Amino acid sequence: LIGIRQEDFSFFVNNVMTDLTHKQLLAFQLACQLGYYKYPRNVSLEQLATAAKLSYSTYKEHLRRAEEKIMPHVISYD
């Protein structure tokens, strides 16, 4: 081991983010910005939907579909 350095993982952003619809991208960005993916979570889906001015079910659908498109690029299923 020669050394360790911390880097941002943006390797998949160009490929994946272009696959998202505008609404999916906004939902995912909001979730990231407000700490939905932190542990413990800083915000709930209900709070994210309110912040996005969408119904809970609509926001949840946009976010889940975005995650469905993003995750295969992050984790290999082979």
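Higher on the page you've got the structure.
Residues numbered from 1 in each chain as written. Predicted model: local features only at pLDDT ≥ 70, side-chain atom pairs only at ≥ 80, totals over all residues. Heavy atoms only, no water.

(A) Highlighting unusual backbone geometry. The step from Y39 to P40 runs through a cis peptide bond, and the omega angle for that step is -10 degrees. Looking at the secondary structure, you find P40 in the loop between α2 (22-33) and α3 (45-52). (Helix = DSSP H or I, 4+ residues; strand = E, 2+ residues; numbered from the N terminus.)

(B) Spatial organisation of the packing of aromatic side chains. Per the counting criterion, the structure on display carries two aromatic pairs. Centroid distance F28 to Y37: 5.8 Å. Interplanar angle 50 degrees. Geometry classified as tilted. Judged by its relative accessible area of 14%, F28 falls in the buried class. Between the aromatic rings of Y36 and Y37, the centroid separation amounts to 5.1 Å while the plane-to-plane angle is 80 degrees, which identifies the pairing as edge-to-face. Y36 gets classed as buried once you look at its relative accessible area, which sits at 6%. Taken together through their ring pairs, the aromatic side chains of F28, Y36 and Y37 make up a single cluster. The ring centre of Y36 lies 4.0 Å from the NZ or CZ of R41, which sits over that ring. (Phe/Tyr/Trp six-rings, centres within 6.5 Å; stacked < 30°, edge-to-face > 60°. Buried < 20%, exposed > 50% of the residue type's maximum accessible area, 1.4 Å probe, protein only. Lys NZ or Arg CZ within 6 Å of the ring centre and 35° of its normal.)

(C) Quick peek at the pattern of salt bridges. Applying the stated criterion to the full structure yields two salt bridges. With its nearest N and O atoms 2.5 Å apart, the salt bridge here joins R65 to E61. You can see R65 and its partner E61 sitting in helix α4 (residues 56-74), four residues apart, about one turn around the helix. Looking at R65, the relative accessible area reads 43%, which means it is partly exposed. Note that R64 is salt-bridged to E67, the shortest N-O span being 3.9 Å. (Salt bridge = Lys/Arg side-chain N within 4 Å of Asp/Glu carboxyl O.)

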